[in-house]
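Fold and contact review
Residues per chain are reported as follows:
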Amino acid sequence: MALQAASLVSSAFSVRKDGKLNASASIKESSLFGVSLSDENKFDFVSSSLRCKRPHSLSKNGAIIRAQTIATSAPSVTRSSLDGKKTLRKGNVVVTGASSGLGLATAKALAETGKWHVIMACRDFLKAERAAKSAGMPKDSYTVMHLDLASLDSVRQFVDNFRRTEMPLDVLVCNAAVYQPTANQPTFTAEGFELSVGTNHLGHFLLSRLLIDDLKNSDYPSKRLIIVGSITGNTNTLAGNVPPKANLGDLRGLAGGLNGLNSSAMIDGGDFNGAKAYKDSKVCNMLTMQEFHRRFHEETGITFASLYPGCIATTGLFREHIPLFRTLFPPFQKYITKGYVSEIEAGKRLGQVVSDPSLTKSGVYWSWNKTSASFENQLSQEASDIEKARRVWEVSEKLVGLA
Ligand code: LMG
Ligand code: NDP
Ligand code: PMR
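In the nomenclature of an unreviewed UniProt entry, the chain is known as NADPH-protochlorophyllide oxidoreductase of Arabis nemorensis. Listed in UniProt under the heading Pathway (unreviewed entry), the comment for the chain reads: "Porphyrin-containing compound metabolism; chlorophyll biosynthesis." The record held by UniProt for the chain lists under Function (unreviewed entry) the comment "Phototransformation of protochlorophyllide (Pchlide) to chlorophyllide (Chlide)."

Digging into a nonpolar patch on the surface
The grouping of Ile322, Leu324 and Leu328 at the surface amounts to a nonpolar patch, some 300 Å² of accessible area in total. The residue Leu324 is located in helix H10 (residues 323-337) in this model.

A word on the site of ligand 2
Around ligand 2 sit 32 residues in total, of which Ser99, Lys127, Asn175, Tyr278 and Thr315 are the nearest. Between ligand 2 and Lys282, the relevant distance is 2.8 Å, taken from an oxygen atom to a side-chain nitrogen or oxygen of the residue. For ligand 2, an oxygen atom lies 2.6 Å from a polar atom in the side chain of Thr315. Considered on its own, ligand 2 offers 900 Å² of accessible surface; in the complex 98% of this is hidden by protein. Those elements giving two or more residues to the shell around ligand 2 turn out to be helix H4 (101-112) and helix H9 (274-300). Split into classes, the residues belonging to the shell around ligand 2 amount to 15 nonpolar, 11 polar and 6 charged.

Thoughts on the side chain of His321
Relative to the assigned elements, His321 resides in the loop between strand S8 (303-307) and H10. Not counting residues up to four positions away in its chain, the partners in contact with His321 are Tyr179, Pro181, Thr182 and Arg326.

What about helix H12 (residues 386-399)?
Given 3.6 residues per turn, any residue in an α-helix points the same way as the ones three and four places further on. Given a rise of 1.5 Å per residue, 14 residues ought to cover 20 Å, and the 20 Å separating the end C-alpha atoms of H12 matches this to within 8%. The set of residues buried in H12 consists of Lys388, Ala389, Val392, Trp393, Val395, Ser396, Glu397 and Leu399. In this structure Asp385 caps H12, since a side-chain oxygen of it lies 3.0 Å from the backbone nitrogen of Glu387. Following H12 by one or two positions, Gly401 adopts a phi angle in the positive range, close to 80°.

Cut-off values and rules
- Residues numbered from 1 in each chain as written.
- Chains lettered and ligands numbered in written order.
- Predicted model: local features only at pLDDT ≥ 70, side-chain atom pairs only at ≥ 80, totals over all residues.
- Heavy atoms only, no water.
- UniProt positions renumbered as here; feature names shortened; annotations may be inferred.
- Patch = residues over 30% accessible without salt bridge, like charges linked within 9 Å, V, L, I, M, F, W, Y side chains within 5 Å.
- Areas by Shrake-Rupley, 256 points an atom, 1.4 Å probe, with all protein chains shown as cover.
- Salt bridge = Lys/Arg side-chain N within 4 Å of Asp/Glu carboxyl O.
- Helix = DSSP H or I, 4+ residues; strand = E, 2+ residues; numbered from the N terminus.
- Near = heavy atom within 4 Å.
- Polar contact = N/O pair within 3.5 Å; in protein donor to acceptor, adjacent residues only side chain to side chain.
- Nonpolar A, V, L, I, M, F, W, Y, C, P; charged D, E, K, R; others polar.
- Contact = heavy atoms within 4.5 Å.
- Expected span 1.5 Å × (residues − 1).
- Buried < 20%, exposed > 50% of the residue type's maximum accessible area, 1.4 Å probe, protein only.

Right, here's the structure in full:
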């Protein structure tokens, strides 16, 4: 019975995977960051030791370390031109939620190229510092800076702190997210927005709106703003049809402030459902990327992109799910859906969207096929609805105090 179900499920997947391929840019990941098999093994080893004891050099006082790190580890930015041959300076990339999972793997992949300085924008300063060290990221390849996306004050503070470092901003990666699949009641951000949409969408919306000016001012040849999306927000896929499905409705809850008091905590005005709130937030992420593209690409030349990195079934995203789910989900994705990717592989994929010269097209939602070749994927009807994108933008502007 279970086997039967499994084979039914498997055969359904081949339709999704093969049916929509529209391969445009095919990149061999093996050559991308020069990460050899032994490097990967090393990463596997270190990432499993992330819970190791605090490094000696770290004090318990996060505030002191924060100040010190900002003051001491800003990279020296050099632009050199020898014999008329331009040497590109290191790019500066801000990655939110770089303390675990996809964000950490991406930070490591980029840092190891030697071409990037990663600003790890994290809510837990010590966790991020430890994660970077355990992952073996070279000391001068990163700066940890505090950012709590569940507080708009913190977002503004982060932007101020970042500007104080006087590092140019070349790429911004909005990666952090929370997922509350088992919550019966909503919880809220500092400003009283439902936590998943407040963090995953509104926090990132304010962050990227503020930092767009910094991106504009950068002289880097390929400036990018990347917002991580997901298959589960796209109802044109099997995964996006697993209940509860994403649906923003007429945005009445969002317009009401998602506070669960005089308005619903859900964007569509319905009853709270944590899994749906997460999927809705991913729809907002993908709509926001496209609205950025429409409003800013031509004027600024910035590349706006979103992506589905694959199912990284082992990350902290599922920390609040029931233990049975956490046990079964990775083998289910590995052997049945075949949608599983390791953190390392997913990090390389997002790393490509940050830095690969062939992924400069703006307004694209990237995905990868079975051989890890990137392709421009199609978004669901709702996740590509131009009018909805405009309204999400306008309502969000009001909520975060930009309009
Ligand atoms: C919800 O339940 C919870 O209600 C919610 O609170 C939240 O936790 C949320 O996403 C998180 O989950 C989801 C629940 C209900 O699914 C499950 O938890 C799994 C149920 C197991 C069903 C058996 C399937 C057999 C597979 C064998 C697998 C082995 C074991 C591993 C499983 C562990 C990991 C999951 O889901 C359901 O109601 C079940 C129905 C799911 C089918 C959905 C598919 C619909 C397809 C519709 C077709 C769409 C066509 C589009 C295609 C386009 C292609 C071009
Ligand atoms: P993780 O839980 O491992 O990473 C999420 C990161 O977000 C953590 O670093 C976490 O910090 C951070 N974060 C959470 N809340 C806040 C906050 N308020 N302020 C700042 N940072 C915060 O999950 P993943 O790596 O899986 O998720 C990364 C991205 O990938 C998300 O956008 C997710 O939607 C997307 N994604 C994931 C898929 C998967 O299968 N895992 C599939 C498709 C998309 P801390 O370490 O302190 O908890
Ligand atoms: Mg899904 C090709 C099939 C496929 C893929 C790629 C995913 C990805 N999932 C697929 C299928 C199924 N899932 C099927 C058939 C089921 C029913 C058994 C199923 C169930 C399921 C659950 C309960 N899946 C989940 C959950 C979660 O709690 C995850 C979630 O929805 O988080 C919002 C999840 C996911 N499935 C995925 C991916 C990538 C997730 C992780 C969440 C994300 O970031 O989008």
